[in-house]
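# Summary of structural features
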Amino acid sequence: MQPRPLLAGNWKMNGLAASAGELQKIIAGAPDLKADVLVCPPFTLIARFAEAARHSPVMIGGQDCHAEPFGAHTGDIAAEMLADAGAGAVILGHSERRVDHHETDAEVRAKTRAAWRAGLIAIVCVGESRKERDGGRTQEVVGRQLAGSLPERAEAGRLVIAYEPIWAIGTGLTPTPADIAEVHGFIRRWLATRFPGQGEAVRILYGGSVKPANAKELLTVPGVDGALVGGASLKAEDFLAIGAVYR
Ligand code: 13P
């Protein structure tokens, strides 16, 4: 049985107090979708958004967390702080953090443990570069990221994998449905082998240039359990139009 899909928006470094109106529109449209809806704004908006979404089906999440619960880590945010602010999930190991902040698989694994310690759903991102895809190394790279970024044990309800080919993020380029099916199938087999009894039900999202115009083609690929949407999640209208695949 396919798990309930997850429509997740990653706002990245976008959003001010005035963006609350977009959230309100998402909250208004979410009940029409047969999917869980998650919005991950910047840290500064989490508490405000969580309060606004409190009695709605929309969950609010973070985009990163520190592995430690507290301490001398200037500028960092603990998973416990996200939970305290009302977040229910956190994106971890996004390629923009792996590249811009040199995050390693081991750090992502420690952060995943931290997310679970705080009771959050961990959305762990994996994905190959253009060079790696052209070199036929996609599965090798994704397999290595999964092996290094995930703890020894996992609960299906607490873990989500987002497959985001780096070359598809913010570029308007997307893999073919056949390529997405192949990688999602690989991730599914990997999870089922590594976490018997749980890996079969972990949701595997596709991310990278998902737009209203290509949502149906990309999100109805067998093995795709939802989307992690960047740019198109900033406008409620576009985000909900993508979610309309799940009406
Ligand atoms: P875009 O949808 O803007 O390509 O970003 C995808 C992404 O990185 C989501 O985490």
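It should be noted that the structure appears before, not after, this text.
Figured I'd write up the structure that's included with this text.

Inspection of every chain in the model, using the stated rule, returns 18 salt bridges. Asp64 is paired through a salt bridge with Arg97; the nearest N and O atoms lie 3.3 Å apart. Of this pair, Asp64 sits in the loop between strand E3 (58-62) and helix H3 (79-85) while Arg97 sits in helix H4 (residues 95-100), and the two are 33 residues apart along the sequence. For Arg188, the salt bridge goes to Asp225, with nearest N and O atoms at 2.9 Å. Of this pair, Arg188 sits in helix H8 (residues 177-194) while Asp225 sits in the loop between helix H9 (215-219) and strand E8 (226-229), placing them 37 residues apart in sequence. By sharing partners, the salt bridges in this structure join Asp64, Arg97, Glu103 and Lys111 into a single network.

It is worth spelling out the nonpolar core at this point. Ranked by size, the top nonpolar core spans 65 residues in total, and within it Val58, Ile161 and Ile187 carry the most contacts. Per element, the largest residue contribution to this core is six residues, and it comes from H8. Excluding its chain neighbours within four sequence positions, the residues that come into contact with Ile187 are Val126, Val142, Leu146, Ile161, Tyr163 and Ile204.

Relative orientation of the contacting elements helix H5 (residues 105-117) and helix H7 (residues 138-149) amounts to 45°, with a least axis distance of 7 Å. What the angle tells us is that H5 and H7 run oblique. Across from Asp105, Ala106, Val108, Arg109 and Thr112 in H5, the residues of H7 making contact are Arg144, Gln145, Ala147, Gly148 and Ser149. Of the residues that constitute the contact of H5 with H7, the class distribution is three nonpolar, four polar and three charged.

Another point: the site of the ligand. Around the ligand sit Asn10, Lys12, His94, Glu164, Ala168, Ile169, Gly170, Gly208, Ser209, Leu228, Gly230 and Gly231, and that is every residue in its neighbourhood. The contact in question runs from an oxygen atom of the ligand to an N or O atom on the backbone of Gly231, over 2.8 Å. Relative to its unbound accessible surface of 310 Å², the ligand loses 97% to contact with the protein. Broken down by class, the residue content of the shell around the ligand amounts to three nonpolar, seven polar and two charged.

On to helix H10 (residues 236-243). If you check which residues of H10 are buried, you get Ala236, Phe239, Leu240, Ile242 and Gly243. For H10, the angular spread of buried residues about the axis comes to 155°, placing them on one side. Looking at the packing, one finds that the buried side of H10 touches strand E1 (6-10), helix H1 (20-29), strand E2 (36-40), H9 and E8.

Spatially, E1-E2-E3-E4-E5-E6-E7-E8 is the arrangement adopted by the eight strands of the closed barrel, whose pairing is parallel. Strand-to-strand twist in this sheet, taken as the mean axis angle between neighbours without regard to direction, amounts to 25°. Note: strand E5 (residues 121-126) against strand E6 (residues 159-163), five bridges, orientation parallel. Counted as the bridge partner of Cys125 is Ala162 from E6. H7 rests against E5 and E6 of the sheet, and its axis sits at about 150° to E5. Relative to the sheet, H8 contacts E5, E6 and strand E7 (203-207), its axis offset from that of E7 by approximately 150°.

Criteria and cut-off values
- Residues numbered from 1 in each chain as written.
- Predicted model: local features only at pLDDT ≥ 70, side-chain atom pairs only at ≥ 80, totals over all residues.
- Heavy atoms only, no water.
- Salt bridge = Lys/Arg side-chain N within 4 Å of Asp/Glu carboxyl O.
- Helix = DSSP H or I, 4+ residues; strand = E, 2+ residues; numbered from the N terminus.
- Core = buried A, V, L, I, M, F, W, Y, C linked by side-chain atoms within 4.5 Å.
- Buried < 20%, exposed > 50% of the residue type's maximum accessible area, 1.4 Å probe, protein only.
- Contact = heavy atoms within 4.5 Å.
- Axes fitted to C-alpha atoms, helices over the stretch in contact; angles between N-to-C directions.
- Parallel < 35°, antiparallel > 145°, perpendicular 65-115°, else oblique.
- Nonpolar A, V, L, I, M, F, W, Y, C, P; charged D, E, K, R; others polar.
- Near = heavy atom within 4 Å.
- Polar contact = N/O pair within 3.5 Å; in protein donor to acceptor, adjacent residues only side chain to side chain.
- Areas by Shrake-Rupley, 256 points an atom, 1.4 Å probe, with all protein chains shown as cover.
- Arc of directions from axis to C-beta.
- Pairing = 2+ DSSP bridges.

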